[in-house]
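Architecture and fold: a report
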Amino acid sequence: MFYQGVSSAGGPPSAGQNNQESCECPVCHLVCTDSAFLQEHVELHLEESRISEGRNLHDLELAQQIQNEEVKQQREVARREREDFQKLQRQYGLDGSGGYKQQSLKNMEKEVARGRMQPSEYHKRKADMMESLAFGTDDGRTRTSGITEVLGLYYRSETKDIKRVWLSMGVDHFHCSMGDKGWGCGYRNFQMLLSSLLRNSTYQDCLKDHRSVPCIPKIQSLIENSWKEGFDPQGASHFNGRLQGTKAWIGACEIYSLLTSLGLKCQIIDFHEPTGPSGTHPHLFDWVLNYYNSDKDNSAKVVCTSKPPIYLQHQGHSRTILGIEERKNKTFCLLIFDPACPSQDMHRIVKGVDDNSLRVIRRFVNGLKHKQYQVVAIDGVLSAEEKVARREASQLFTAQRIP
């Protein structure tokens, strides 16, 4: 185990060295003459080696444990991301569970099973729906007409609170049905816009192929066609270029692309932050007033304009603005059609307008407190050159921001 060596002089041991042999440590090469000391010295090396090996093993185990924890965390993050993505797909109707037709049939079958619909009514409504889908037209079941006309008559005689009021062209109300409940608000608001545009001779040429209000699957097809024309490629990519057969939500960008592809001149205005106390948006009310009050010389109390209604979007929902009240206390109130509002409430307005029935369409400044609003406003018809320019501009969507 030990190495025997020679004297430091390299010659034979002298008498002064008492013939003791020098020994060398095999680990650190320390030279000494005391074998017992050298034995203890070497054992210290061995002990140190065992401690070092144990420490290295512990470090390896710790590293492995840390790595396992990281892998576990990564898998957990990936699982949560998959669940969140699937939740978003379900929320926005992109989970492959079918579209308007499938949801209609499913919900009507539930109504029959619960005894709230007779089988004969189910078959009749199914046949009507299939005919509507075949022709691409809305079946009119959720449509209420005549509201703007009744409002005009009411405001002419109302003297208590209203100073002036501006109304859009006539517009019908459409509410969500069994086939689009929970996701169809954007499509229903487009139906409201189109119901007004079809009354206006200014837009007859560009709407000559759309003489009736389309059903939701047809609207989805029209938006897909706008993407194929080259409008809003980013939006098309988001939906993988497909809306038909899905319950996909649409918003201001899809409405803009569809209207522009039809040759209508429109713009998106982004009220990206509150401009009043308590998270209110007085700038939105000012903008709507200026939109409808374009004829400054008209001092009539009730101004029935030739303006189309306005598409209003906020997070999770959209509605349609059909007018604005100026009240004697110097405040303003928007008149809004909500697709979530059932036909019964709209019929009450048609049968007899009063403050109580108008609650469902009146929205004061304190009633609009979402963080952000966007509007899509129509103002004329595009020339062929303007349409091409708008299509190119939609490659990267920008909206006019207020403020």
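Residues numbered from 1 in each chain as written. Predicted model: local features only at pLDDT ≥ 70, side-chain atom pairs only at ≥ 80, totals over all residues. Heavy atoms only, no water.

**Remarks on the packing of helix α4 (residues 147–157) against helix α10 (residues 343–351)**
Spelled out, the test is: Axes, fitted as lines to C-alpha atoms, cover a helix only where it is in contact. Angles between the N-to-C directions of the axes lie from 0 to 180 degrees. By definition, any uninterrupted DSSP run of H or I lasting at least four residues is a helix, any uninterrupted run of E lasting at least two residues is a strand, and each is numbered from the N terminus. Should an angle fall under 35 degrees it is called roughly parallel, over 145 degrees roughly antiparallel, and 65 to 115 degrees roughly perpendicular, with every other angle called oblique. Note on convention: the crossing is left-handed when the near helix lies turned anticlockwise from the far helix by less than a right angle, right-handed when the turn is clockwise. Should any heavy atoms of two residues lie within 4.5 Å, those residues are considered in contact. Each residue gets one label: Ala, Val, Leu, Ile, Met, Phe, Trp, Tyr, Cys and Pro are nonpolar, Asp, Glu, Lys and Arg are charged, and the others, such as Gly, are polar.
One can describe the packing of α4 onto α10 by two numbers: an axis separation of 9 Å at closest approach and a directional angle of 40°. The angle between α4 and α10 places the two elements in the oblique class. Considering only the axes of α4 and α10, their crossing is left-handed. Taken together, the residues of α10 that come into contact with α4 (itself represented by Ile147, Val150 and Leu151) are Met346, Ile349 and Val350. Class assignment for the residues of the contact of α4 with α10 results in six nonpolar, no polar and no charged.

**Points about the pairing of strand β10 (residues 317–327)**
The side chains of a regular strand alternate between both faces of the sheet. Note the threshold: To sort residues, take the accessible area from a 1.4 Å probe on protein chains only and compare it with the maximum for the residue type: under 20% means buried, over 50% means exposed, and anything in between is partly exposed. Only strands that DSSP links by at least two bridges are regarded as paired with each other.
Of all 11 residues making up β10, 11 are buried, and the element is well covered by its neighbours. The sheet contact formed by strand β5 (residues 162–167) and β10 spans five bridges and is antiparallel. Note that in β10 the partner of Arg164 across the bridge is Glu326. Sheet topology note: the strand β9 (residues 310–314)/β10 ladder contains five bridges and is antiparallel.

**Overview of empty space enclosed by the protein**
To find the voids left in a structure, one rolls a probe of water-molecule size over its atoms. How we decide: Cavity and pocket criteria rest on a 1 Å grid covering protein atoms alone: a 1.4 Å probe that fits but cannot get out defines a cavity, protein on both sides within 12 Å along at least 5 of 7 lines defines an open pocket, and an atom within 4 Å of a point defines a lining residue. Grid points are joined across faces, edges and corners, and a volume is the space filled by probe spheres set on the points.
Here the structure, examined in full by the defined rule, presents one cavity of 30 Å³ or more. When its volume is computed, the largest cavity comes out at roughly 60 Å³. Lining of the largest cavity is provided by Tyr100, Met129, Ser132, Leu133, Asp138, Asp139, Arg188, Cys215 and Ile216. A per-element tally of the lining of the largest cavity places helix α3 (residues 119–135) first, with three residues. Tallied by class, the residues present in the lining of the largest cavity amount to five nonpolar, one polar and three charged.

**Details of the environment of Lys265**
Following the sequence through the fold, Lys265 ends up in strand β7 (residues 264–271). For Lys265, a relative accessible area of 27% corresponds to the partly exposed category. Taking the C-alpha atoms as reference points, Lys265 and Glu386, separated by 121 residues in sequence, lie 8.6 Å from one another. In this view, Lys265 contacts Ala377, Ile378, Asp379, Gly380, Val381, Leu382, Glu386 and Arg390; residues no more than four positions away in its chain are not counted.

**Things to note about the state of the cysteines**
Under the convention used in this document: Two cysteine sulfurs form what is called a disulfide whenever their separation falls within 2.5 Å.
Under the counting rule described, the total for this entry stands at zero disulfides. Note on Cys28: no disulfide assigned, nearest cysteine sulfur contributed by Cys25 at a separation of 3.7 Å.

**Overview of the layout of surface pockets**
In this structure, the largest pocket occupies an estimated 710 Å³ of space. Mapped onto the lining of the largest pocket, the elements with two or more residues apiece are α8 (252–261), β7, β9, β10 and β13 (373–381). Looking at the lining of the largest pocket element by element, the count peaks at three residues for α8. Tallied by class, the residues present in the lining of the largest pocket amount to 13 nonpolar, 12 polar and three charged. Size it by volume and the second largest pocket reaches roughly 290 Å³.

**Topic: helix α2 (residues 100–113)**
As a reminder of what qualifies: For a helix, the expected span equals 1.5 Å multiplied by the number of residues minus one.
Taking 1.5 Å of rise per residue, 14 residues should cover 20 Å, and α2 covers 20 Å from first to last C-alpha, within 8% of that figure. As for α2, its buried residues are in contact with α3, α5 (185–197) and α6 (216–229).

**Describing the side chain of Asp232**
Let me state the cut-off plainly: In this count, Lys and Arg are taken as positive residues and Asp and Glu as negative ones, while His and the chain termini are left out. Any carboxyl oxygen of Asp or Glu that lies within 4 Å of a side-chain nitrogen of Lys or Arg is treated as forming a salt bridge with it.
Tracing the chain through its elements places Asp232 in the loop between α6 and α7 (233–238). Buried charged residue Asp232 carries no salt bridge. Nearest counter-charge: Arg391, at 12 Å. In this structure Asp232 touches Trp227, Cys253, Glu254, Ser257, Ser394 and Phe397, once residues within four positions along its chain are discounted.

**Some details on the packing of aromatic side chains**
Heads up, the rule is: Ring pairs are drawn from Phe, Tyr and Trp, using the six-membered ring of Trp, whenever the two centres fall within 6.5 Å, and their geometry is named by plane angle: stacked under 30 degrees, edge-to-face over 60, tilted for the rest. Any Lys NZ or Arg CZ found within 6 Å of a ring centre and within 35 degrees of that ring's normal is scored as a charge over the ring.
Here the structure, examined in full by the defined rule, presents seven aromatic pairs. Summarising the aromatic geometry, the rings of Trp183 and Tyr187 are spaced 5.8 Å apart at their centres and angled 80° between planes, so their arrangement reads as edge-to-face. Measuring from centroid to centroid gives 6.5 Å for Phe271 and Trp287, while their planes differ by 75°, and the two rings are edge-to-face. A residue pair is termed long-range when its members are at least 10 positions apart, and Phe271 in strand β7 and Trp287 in helix α9 (residues 282–292) qualify at 16 residues. Taken together, the ring pairs connect Phe271, Trp287, Tyr291 and Tyr292 into an aromatic cluster. Across from the ring centre of Tyr291, 4.7 Å away, lies the NZ or CZ of Lys307, which sits over that ring.

**What to know about the environment of Pro214**
With respect to the element layout, Pro214 can be found in the loop between α5 and α6. Take Pro214: its relative accessible area is 4%, and that puts it in the buried class. Between the C-alpha atoms of Pro214 and Gly140, which are 74 residues apart in sequence, the distance is 10.0 Å. Not counting chain neighbours up to four residues away, the residues in contact with Pro214 comprise Gly136, Thr137, Asp138, Phe190, Gln191, Leu194, Ile219 and Leu222.

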